[in-house]
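Structural overview
Residues per chain are reported as follows:
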Amino acid sequence: MIERLLPADVSCAATRAETVPDGTLFPEEEALVARSVAKRRNDFATARACARRAMAGLGLPPVAVLHGHRGRPLWPDGIVGSLTHCHGYRAAALAREKDVLSLGIDAEQHAPLPDGVRELVTLPAERERIEPPAAEGSGFIHWDRVLFSAKESVFKTWYPITRTELDFTEADLTFQQRSGPEGAGGGRAPVAAYGDFAARLLLTDPALPTTLRGRWWIEEGIVVTAVLVRPDWRETGGF
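Being a predicted model, the structure only gives us computed values, none of them experimental.

Counting 28 residues, the largest nonpolar core has V154, L212 and W216 as its most contacted members. Only α5 (143-162), β5 (171-177), β6 (193-201), β7 (211-219) and β8 (222-229) provide two or more residues apiece to this core. In terms of residues, this core owes the most to one element, α5, which gives eight residues. Ranked by size, the runner-up nonpolar core spans 21 residues in total, among them I2, L103, I105 and A107.

Here we come to the pairing of β7. In this structure, β6 lies alongside β7, joined through eight bridges in antiparallel fashion. Looking at the pairing, A198 lines up with R213 of β7. Strand direction decides the pairing type here: β7 and β8, joined by six bridges, are antiparallel. Within the sheet, the bridge partner assigned to W217 lies in β8 and is V224. Joining the antiparallel neighbours β7 and β8 is a turn of two residues, in which E220 adopts a positive phi near 50 degrees.

Looking now at the sheet that holds β8. Pairing within the open sheet is antiparallel, and its five strands lie in the order β4-β8-β7-β6-β5. Each edge of the open sheet carries a strand with a single partner, namely β4 (102-109) and β5. Between one strand axis and the next, the sheet turns through 20 degrees on average, direction left out of account. Summarising the sheet, β5 and β6 pair through seven bridges and their orientation is antiparallel. Residue T174 lies in a different strand from β6, and its bridge partner there is A198. Sitting on the sheet, α5 is in contact with β4, β5, β6, β7 and β8, with an inclination near 155 degrees to β4.

Reading the values: rules and limits
Residues numbered from 1 in each chain as written. Predicted model: local features only at pLDDT ≥ 70, side-chain atom pairs only at ≥ 80, totals over all residues. Heavy atoms only, no water. Core = buried A, V, L, I, M, F, W, Y, C linked by side-chain atoms within 4.5 Å. Buried < 20%, exposed > 50% of the residue type's maximum accessible area, 1.4 Å probe, protein only. Helix = DSSP H or I, 4+ residues; strand = E, 2+ residues; numbered from the N terminus. Pairing = 2+ DSSP bridges. Axes fitted to C-alpha atoms, helices over the stretch in contact; angles between N-to-C directions. Contact = heavy atoms within 4.5 Å.

So far we have only geometry, and geometry alone does not tell us how the molecule works.
So, in structure tokens, the structure goes:
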């Protein structure tokens, strides 16, 4: 699904598999998760298997993907990218730095956020926009989960180019839906519902852009989001 959100000069790879064969990881990657529980190891390994496929899409040889600050993936020189994983979906997206300055992707299971989480990750104005009656006619879309995923993609895009972390309350998101949910009857999750979003950044630095733009997609119980900024991002805000 992630490839539906990103332009052709971004190489994407995704899988629904929960595990990968032994030997998928490089030794230095193995060392990073040697003491981790099985779920952490599987998330780490499947995402890096996707990363290797995305590298091949750019004509690059496979290399280890280690991590830096707060687990941020470290890419080869001249490459930017992002990884994501949730139950039932893992993905990687990579591009050449000359074409794309930064990008962020996120995947989540399409379900309501747990009790108490929505209040922690949303602003009052956002809650007003995603709750009834504002969300009337939105089918079975769980907008709180879409919003959470979109903020994750914003944060993943923002940090590599500013070295500044954003809090969940420092971005105010609005959404636009481009299609109605298909096959949403009977309580099933929407299929191929998608659209755009804008993240207004509540920062005080006048030298930084005030808005980033992204896209979202829901299908088969998974929501994916993506933000991409070009080298001229200060003028365009993304895509």
